[in-house]
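One-letter residues, chain by chain:
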Amino acid sequence: MSLNSTPQSVRVHIGLFGKRNAGKSSVINAITNQDAAIVSEVAGTTTDPVFRPMEILPIGPCVLIDTAGLDDVGSLGELRINKSLDVLSKTDIALLIVDSSIGLSEEDLSLIEKFKVKKIPHVLVLNKIDTVENQAEVLGETKKLAKCPVACVSATNKIGIENLKQEIINTLPEDAGDFKLLGDLINAEDIIVLVIPIDKAAPKGRLILPQQQVTRDILDHGAIAVITKEDSLKETIANLNKKPKLVITDSQAFYKVKEDTPDDILLTSFSILFARQKGDLNELVKGAYAINNLKDGDKILVAEGCTHHRQDDDIGTFKIPKWITEKTGKKLTFDFTSGITMGKNLEQYALIVHCGACMMNRAAMMARIEKAKELNIPIVNYGILIAYLNGILDRTLDPLKILESEKLLQTVE
Ligand SMILES: Nc1nc2c(ncn2[C@@H]2O[C@H](COP(=O)(O)OP(=O)(O)OP(=O)(O)O)[C@@H](O)[C@H]2O)c(=O)[nH]1
Ligand SMILES: [Mg+2]
């Protein structure tokens, strides 16, 4: 996976906090093995939060957030402190950097208190450990006061960095690698309209897992889920007192839904949210455009993550082949696989069309995307392909970009 193909919001966010000159920027440089962050002996070098998307092994894709010192002074200093504290709301795990030669301060202890109140997992990093003689004593003292995991490092001498990474992994909540669906994009009290067609493929008496998960994610984030069928979408929107933030539709109802969703309301699909959560959205979008390069005689693999009961007009075996053939006008052949692998002899395919992977985890889907990339075969998923075929891929991707940048602004402003 290339470095910037994962949107920021679906990476683990690691926030670095601490007093001026504690070595926050130096620790970032040591963790990333780069000299990207400016380091100096002048207190107050870093003034605004800096977001650095990174791929750090073995943590994976993450964003390191460098902040200004929490002991900054003056009215500007106060503004900076507040901005640093705002970063807390974006932080999956916090690193509190402390200068070993100085030890824990009031600011540090009150920050640890904030982490606890906000339930943010945290690791205390005793930096500049090279400058103290009585390391064991300093460590023991700090542990007693902080009551949290402590890692001793020397950022300048690159000592203890592997151990720190391991400590980060140990402290990260188990679900931190479960990338967010949309909770990171919405605010409390936003109205989100879900369009769920009840056709004959819909299971009796219940909603399907992706619909449940999106609903749950909306509720978990204090927003409001309004659920409707595609036939009543127009009426639903008309009856709301507040403009919905976003309409999310089943891909198969796209055509009708885009007609009935006013242009000033963001529209996306369940599949695109899941593609973002479960895979490499950029790679899948590239795969959609690749259908323009298909030639007569090309073979296409339609791969599904699980076996399910197929209807006569099944999306994978019937609709997808029909739509691609209609769009391209080429003579194509289609193979179908489902289950734990995509099958053998993948080299023979000009394109892989994958299901939405609702029953697969991110790692499994990423492995399939990697496999396709390795073989130089474009790969797309159902939802993104359908959006592309309907000429509304841009419209469904834009909301993610818009919401992501809105959120980023909320954090740094
Ligand atoms: N001896 C020693 N010096 C360090 C270490 N880490 C950082 N320093 C020095 O401490 C000073 C401050 O480092 P920075 O990384 O700029 O600290 P910061 O916390 O980002 O500081 P501000 O951005 O000003 O808040 C620099 O002179 C670094 O060279 C270390 O592990 N050992
Ligand atoms: Mg700094």
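Residues numbered from 1 in each chain as written. Chains lettered and ligands numbered in written order. Predicted model: local features only at pLDDT ≥ 70, side-chain atom pairs only at ≥ 80, totals over all residues. Heavy atoms only, no water.

(A) Region of interest: the overall build of the protein chain. Each helix and strand counted, the protein chain has 14 helices and 14 strands in total. Once the C-alpha set of the protein chain is aligned to its principal axes, its extents read approximately 75 × 55 × 35 Å. Per-residue burial for the protein chain yields a buried fraction of 52% across its 413 residues. Of all intrachain contacts in the protein chain linking residues separated by at least 6 positions in sequence, the fraction that spans at least 24 positions is 76%. If you sum the accessible surface of the protein chain, you get close to 19300 Å²; carbon and sulfur atoms cover 51% of it. (Helix = DSSP H or I, 4+ residues; strand = E, 2+ residues; numbered from the N terminus. Buried < 20%, exposed > 50% of the residue type's maximum accessible area, 1.4 Å probe, protein only. Contact = heavy atoms within 4.5 Å. Areas by Shrake-Rupley, 256 points an atom, 1.4 Å probe, with all protein chains shown as cover.)

(B) Focus on the nonpolar core. By size, the foremost hydrophobic cluster in this structure holds 61 residues, and its most contacted members are Leu182, Val214, Ile248, Ile324, Val353, Ile384 and Leu393. At six residues, the largest contribution of residues to this core is made by helix α13 (residues 382-389). What Val214 contacts, discounting residues up to four positions off in sequence, is Leu181, Leu182, Leu194, Ile248, Phe270, Leu273 and Phe274. Counting 25 residues, the second-largest nonpolar core is a separate cluster that includes Leu16, Leu95, Ile97 and Ala155. (Core = buried A, V, L, I, M, F, W, Y, C linked by side-chain atoms within 4.5 Å.)

(C) The domain arrangement of the protein chain, seen in detail. On domain assignment, one finds that the protein chain holds domain 1 (8-177) and domain 2 (288-389). Taking only C-alpha atoms into account, the centre of domain 1 sits 43 Å from that of domain 2. (Domains from an automatic or database assignment.)

(D) Spotlight on the coordination of the magnesium ion (ligand 2). Protein coordination at the magnesium ion (ligand 2): the donors are Ser25 (OG) and Thr46 (OG1), at 2.0 to 2.2 Å from the metal. Of the two residues, Ser25 is situated in helix α1 (residues 24-32) and Thr46 in the loop between α1 and β2 (50-56); the sequence distance between them amounts to 21 residues. A relative accessible area of 13% places Thr46 in the buried class. (Donors = N, O, S within 2.8 Å, 3.2 Å for Na, K, Ca; no water.)

(E) Structural detail: the sheet that holds strand β4 (residues 93-99). One open sheet holds the six strands; their spatial order is β2-β3-β1-β4-β5-β6, and the pairing between them is mixed. At either end of the open sheet lies a strand with only one pairing partner, and these are β2 and β6 (150-152). Strand-to-strand twist across the sheet, computed as the mean angle between neighbouring axes with direction ignored, equals 25°. Two elements, strand β1 (residues 12-18) and strand β3 (residues 60-66), share five bridges in a ladder whose sense is parallel. Opposite His13, over in β3, you have Val63 as the bridge partner. (Pairing = 2+ DSSP bridges. Axes fitted to C-alpha atoms, helices over the stretch in contact; angles between N-to-C directions.)

(F) Quick look at unusual backbone geometry. The phi torsion at Lys128 lies on the positive side, around 60°, for a residue other than glycine. Checked against the element boundaries, Lys128 lands in the loop between β5 (122-127) and α4 (135-146). On the basis of relative accessible area, Lys128 is assigned to the partly exposed category, the value being 24%.

(G) A look at the site of ligand 1. Taken together, 24 residues lie around ligand 1, and Lys24, Ser26, Gly44, Thr45 and Thr156 are the ones closest in. Measuring from an oxygen atom of ligand 1, one finds a side-chain N or O atom of Ser25 at 2.9 Å. Here Glu41 contributes a backbone N or O atom positioned 3.4 Å from an oxygen atom of ligand 1. Considering ligand 1 on its own, with 650 Å² of exposed area, one finds that the protein chains cover 88% of that surface. For the shell around ligand 1, the element with the most residues is α1, which contributes three residues. Looking at the shell around ligand 1, its residues break down into five nonpolar, 13 polar and six charged. (Near = heavy atom within 4 Å. Polar contact = N/O pair within 3.5 Å; in protein donor to acceptor, adjacent residues only side chain to side chain. Nonpolar A, V, L, I, M, F, W, Y, C, P; charged D, E, K, R; others polar.)

(H) Up close: the sheet that holds strand β11 (residues 299-304). Taken together, four strands build an open sheet; the order of strands is β12-β11-β13-β14 and the sheet is parallel. What marks the edges here is a single partner per strand, and that holds for β12 (333-338) and β14 (379-381). Each neighbouring strand pair of the sheet contributes to a mean axis angle of 25°, computed without reference to strand direction. In terms of strand pairing, strand β13 (residues 351-354) meets β14 through three bridges, oriented parallel. Note that in β14 the partner of His354 across the bridge is Asn381. Sheet strands touched by helix α10 (residues 281-289): β13 and β14. Its angle to β14, the strand with the most contacts, is close to 100°.

(I) Broad picture of the packing of aromatic side chains. Taken as a whole and assessed by the stated rule, the structure comprises two aromatic pairs. Of note, Lys327 hangs over the ring of Tyr388, and the distance from its end group to the ring centre comes to 5.6 Å. (Phe/Tyr/Trp six-rings, centres within 6.5 Å; stacked < 30°, edge-to-face > 60°. Lys NZ or Arg CZ within 6 Å of the ring centre and 35° of its normal.)

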